[in-house]
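Summary of the model geometry
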Amino acid sequence: EVQLVESGGGLVQPGGSLRLSCAASGFTFSRYAMSWVRQAPGKGLEWVSGINTGGGSTTYGDSVKGRFTISRDNAKNTLFLQMNSLKPEDTAVYSCAKSPLASVVVGTYTHWGQGTQVTVSS
C-alpha cells in the first residue's frame, strides 16, 4: 500500500522559513517523480514543485520560483521542500504527490498524502 506522510508544517512569520518532509513507503520511491502540491482555504489544488527520479531535474510554479527548493533522498525514501521568504499567500495545506512516471507531469498523480498545514502570519 502506497503511503505518503508529510511533516514539518506550522505557523511562521512572513519572511520566515520552513522545511517540509514527506516519508514514502509501499512503492519503489527512486523510480518515480514526485511533486509538492498545496491547497489554500477556498481554493483549488495548486502544483508547487516537481522533481525527477534522480533529483537532477526540478521545476517550480511561478509563485514559488526562487523561494522554494525541492529535493529528495532516495536512500531514505524521503521528499523535501525547503521554503524561504514565506508570504501570507503561501498559507495552505501542503501535500506530496507521486507521479505515474519517472518524469514530472503537472496535474497527474497516482497518490498523495493527507498534507501538513503551513500558516504564514504575523
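Structural data are supplied above this passage.
Just so it is clear, the structure is predicted and the values come from calculations on it, not from any experiment.

1. Observations concerning the state of the cysteines
What the rule picks out here adds up to one disulfide. Bridging Cys-22 to Cys-96, the disulfide has an S-S length of 2.0 Å. Handedness here is read from the sign of the S-S torsion; for Cys-22 and Cys-96, about 55°, the answer is right-handed. Of this pair, Cys-22 sits in strand 3 (residues 18–25) while Cys-96 is found in strand 9 (residues 92–98), placing the two residues 74 residues apart along the sequence.

2. Observations regarding the environment of Tyr-32
Considering the arrangement of structural elements, one finds Tyr-32 in the loop between strand 3 and strand 4 (34–39). For Tyr-32, a relative accessible area of 25% puts it in the partly exposed group. In the structure, Tyr-32 is positioned 29 residues away from Gln-3 in sequence and 14 Å away in space, judged by C-alpha atoms. Beyond its immediate chain neighbours, meaning those up to four positions away, Tyr-32 contacts Phe-27, Thr-53, Arg-72, Lys-98, Ser-99, Pro-100, Leu-101 and Ala-102.

Calculation notes
Residues numbered from 1 in each chain as written. Predicted model: local features only at pLDDT ≥ 70, side-chain atom pairs only at ≥ 80, totals over all residues. Heavy atoms only, no water. Disulfide = S-S within 2.5 Å. Helix = DSSP H or I, 4+ residues; strand = E, 2+ residues; numbered from the N terminus. Buried < 20%, exposed > 50% of the residue type's maximum accessible area, 1.4 Å probe, protein only. Contact = heavy atoms within 4.5 Å.

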